[in-house]
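# Remarks on the overall topology
Residues per chain are reported as follows:
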Amino acid sequence: MIEILSQTALATVQDIGRFGALRWGVGTAGAMDRMALVCGNLLLGNEEGAAAIEAQVFPFELRFDADCAFALTGADCAATLDGVPLPPWSAAKTRSGAVLRLGLPVSGKWRGARAYLCVAGGIDVPIALGSRSTQLRGAIGGLEGRALKQGDRLPLVPSIAGSPGPLEIGLVPPALAMPLEVDGCAAVRVLPAAEYDCFTQASRDALWSASWKITPQSDRYGFRLAGPNLEPLAPMEMRSHGIVPGVIQVPHGGQPIVQMCDAQPSGGYPKIGTVIEADLWRLGQAPIGSSVRFIETDWDGALAAGDETRNWLAEVRRLLDLYRTRSLGR
Amino acid sequence: MTAAEPRVSLLGTSALLFEAPGETDLRTQRRIWSLAREAETWPEVCEAVPGVNNLLVSFTKPPRRLSGLTERLAMAWQAAEPLPLAGRIFELPVVYGGDGGPHMADVVAHTKLSVDEIVAIHSEPVYPVYALGSHPGYCYLGGMDPRIATPRRKVPIVRLPGGAVSIGGAQTGVSASDGPSGWNTIGTTSMRFFDVTLDPPALLQPGDGIVFKVAGIIR
């Protein structure tokens, strides 16, 4: 069991996401930074998509009520275990009764917005429509379909793999291993969407050249951005249609909204572009108040970006396996 | 491209959007239902989800080349016969206007009709459920009288309560739970549209129908 000690907000149980339920109006939910989730699970020898705690308001404190192994990834929150500092992006063992504390995300070369706590075996909440991810709208999955609060107790899935093996190992965060910036500003790649050509040339240029500030009205549903107004050539009323996380909608007011993991699975505002799936984790870590840049890409470029992250994860998996094999043989 | 051809566009690398040509109508929607059934049997397709006279096709994994999939979609659309789904009819009592219909004034201002006229027009038809989407259990309805069409709001509101009956462009619908929306709310109803413990979890399905019954008008 894990018990939440801090008065918290917006922390949820998330796995890799819920797929196949769009037909009932249920979106994917899932970790905002899938790379962090997968890396945390890889460090523990878990299934890659196992459920974890996603924390986004700090400090965040919890107690382990069992001996177990855990991994911390995502934003570096100067974590401590019973007061002893823990390195970011690494796994550790804990004894029952130990208190884990995550502080404010550390600023530095890379500052994230969301931290992930994976545990050996994964967090055990009931599977709803194929996933343990919390979908706040409709109260599906997670712990009673809601955000975690003080006093909540979360059971752990018994670890099938037994001991995850040696744990004194960490990873270079993917944001440092595969940085993507324009003029010192975090960047993501975007494929133009159906209505791209229906915006003025100046607006299309601004999409690529402006830096877009993430406003406080940004959350797991979507990031409302502030920047130059994006103007259509003529007013558009679309028929409602399916959308996916990453779609950049432009409501009539002209300020774009990027749909994120809890996005509704359909919408009707004009779409100027879509942040590619391979870069959504980068956006998921962009703090409120920071700015992002959009880089235009095409289908082949977007697929290459997906290959790059997949290859990087494959290399992480290979090195971890190698390390475990060697350690066991010692 | 002529107006009679469907349009295919990308939703990033995870899905594409197929849009049928022409005005929104039930016959086209029946062909969309038919196309969805066909496309869902293809191995590269994760889900084929009808929207309003359009179809989202999500990928199990993005295809290296898109042309094969888009050509198959175009061919399947040519061959798609209308699929008549004869569903059930649900009657929903609605209180129009007042606190439960905060944007009625905007619809009045846009349409130049009176509240009574808007209510009479809105509660007249049997609305076919075209598609599910937006949020768990939500239904997109066809058949709204174009006289009460009202553009979506310039800035979406952050929290629209469940049971809100609203108009967005030429469409109408009922929200199934609290959440953000860009539509104009003209009334409110109470109905449970979604239960995750049921199979299927959504109460309504494409092909069902909704009738709005006037339970009250607050002017």
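Residues numbered from 1 in each chain as written. Chains lettered and ligands numbered in written order. Predicted model: local features only at pLDDT ≥ 70, side-chain atom pairs only at ≥ 80, totals over all residues. Heavy atoms only, no water.

## Describing the packing of helix α1 (residues 26-39) of chain B against helix α2 (residues 67-79) of chain B
Residue and element names in this part refer to chain B.
- As a packed pair, α1 and α2 sit with axes 9 Å apart at the nearest point and diverge in direction by 130°. Compared by their axis directions, α1 and α2 come out oblique. The interaxial crossing formed by α1 with α2 has right-handed handedness. In contact with Thr28, Arg31, Ile32, Leu35 and Glu38 of α1, α2 contributes Leu73, Ala76, Trp77 and Gln78.
- Across the contact of α1 with α2, the residue classes tally to five nonpolar, two polar and two charged. (Axes fitted to C-alpha atoms, helices over the stretch in contact; angles between N-to-C directions. Helix = DSSP H or I, 4+ residues; strand = E, 2+ residues; numbered from the N terminus. Parallel < 35°, antiparallel > 145°, perpendicular 65-115°, else oblique. Left-handed = near helix turned anticlockwise from the far one by under 90°. Contact = heavy atoms within 4.5 Å. Nonpolar A, V, L, I, M, F, W, Y, C, P; charged D, E, K, R; others polar.)

## Considerations on the domain arrangement of chain B
Residue and element names in this part refer to chain B.
- Domain annotation for chain B reports domain 1 (7-79) and domain 2 (89-218).
- Domain 1 and domain 2 are separated by 26 Å when their C-alpha centres are compared.
- On the domain 2 side, the residues contacting the 10 residues of domain 1 number nine residues.
- Run the count over domain 1 and domain 2 and you get zero salt bridges.
- In this assembly, domain 1 and domain 2 are joined by three residue pairs in polar contact (both at pLDDT 80 or more).
- Elements represented by at least two residues in the side of domain 1 that touches domain 2 include exactly α1 and β3 (45-50). (Domains from an automatic or database assignment. Salt bridge = Lys/Arg side-chain N within 4 Å of Asp/Glu carboxyl O. Polar contact = N/O pair within 3.5 Å; in protein donor to acceptor, adjacent residues only side chain to side chain.)

## Remarks on α2 of chain B
Residue and element names in this part refer to chain B.
- Taking 1.5 Å of rise per residue, the 13 residues of α2 would be expected to cover 18 Å, and the 18 Å separating its terminal C-alpha atoms lies within 8% of that figure.
- Listing the buried residues of α2 in full gives Leu69, Leu73, Ala76 and Trp77. What you see down the axis of α2 is that its buried residues fit within an arc of 105°, all on one side. Facing away from the buried side of α2 by over 90 degrees, the exposed positions are Glu71, Met75, Gln78 and Ala79. (Expected span 1.5 Å × (residues − 1). Buried < 20%, exposed > 50% of the residue type's maximum accessible area, 1.4 Å probe, protein only. Arc of directions from axis to C-beta.)

## A word on the interface of chain B and chain A
- At the junction of the two partners, chain B supplies 55 residues and chain A supplies 47 residues.
- In total, about 4,200 Å² of surface goes out of reach between chain B and chain A, with carbon and sulfur atoms giving 55% of it.
- For the pair chain B and chain A, the interface holds four salt bridges.
- Its salt-bridge partner being arginine 23 of chain A, residue glutamate 47 of chain B comes within 3.0 Å of it at the nearest N-O pair.
- For the interface between chain B and chain A, the tally reads 26 residue pairs in polar contact (both at pLDDT 80 or more).
- Elements with a minimum of two residues in the side of chain B that touches chain A: β1 (7-11), β2 (15-19), β3, β4 (54-59) and β11 (179-181) of chain B.
- Among the elements that make up the side of chain B that touches chain A, the one with the highest residue count is β1 of chain B (four residues).
- Grouping the constituent residues of the side of chain B that touches chain A by class yields 26 nonpolar, 19 polar and 10 charged. (Buried area = accessible area lost by both parts, 1.4 Å probe.)

## Quick word on the domain arrangement of chain A
Residues and elements named next belong to chain A.
- Here chain A is partitioned into domain 1 (1-171) and domain 2 (181-297).
- Computed over C-alpha atoms, the centres of domain 1 and domain 2 are 28 Å apart.
- The partner domain 2 presents 19 residues to the 29 residues of domain 1 that form the contact.
- Summing both partners gives a buried area of about 1,700 Å² for domain 1 against domain 2, and 51% of it is carried by carbon and sulfur.
- Among the residues of domain 1 in contact with domain 2, Met32, Arg111 and Arg114 are the three that bury the most area, contributing 30% of the side total.
- Our count for the contact surface shared by domain 1 and domain 2 stands at two salt bridges.
- Notably, a salt bridge pairs glutamate 277 with arginine 34, separated by 3.7 Å at the nearest N-O pair.
- Inspection of the domain 1/domain 2 interface yields eight residue pairs in polar contact (both at pLDDT 80 or more).
- Here the residues of the side of domain 1 that touches domain 2 are counted per class, giving 11 nonpolar, 11 polar and seven charged.

## A short note on the UniProt feature "domain: Carboxyltransferase" (unreviewed entry) in chain B
- Within this structure's numbering, the places UniProt gives as "domain: Carboxyltransferase" (unreviewed entry) are residues 6-204 of chain B.
- Summarising residues 6-204 of chain B: 22% helix, 31% strand, and an end-to-end C-alpha distance of 28 Å. (UniProt positions renumbered as here; feature names shortened; annotations may be inferred.)

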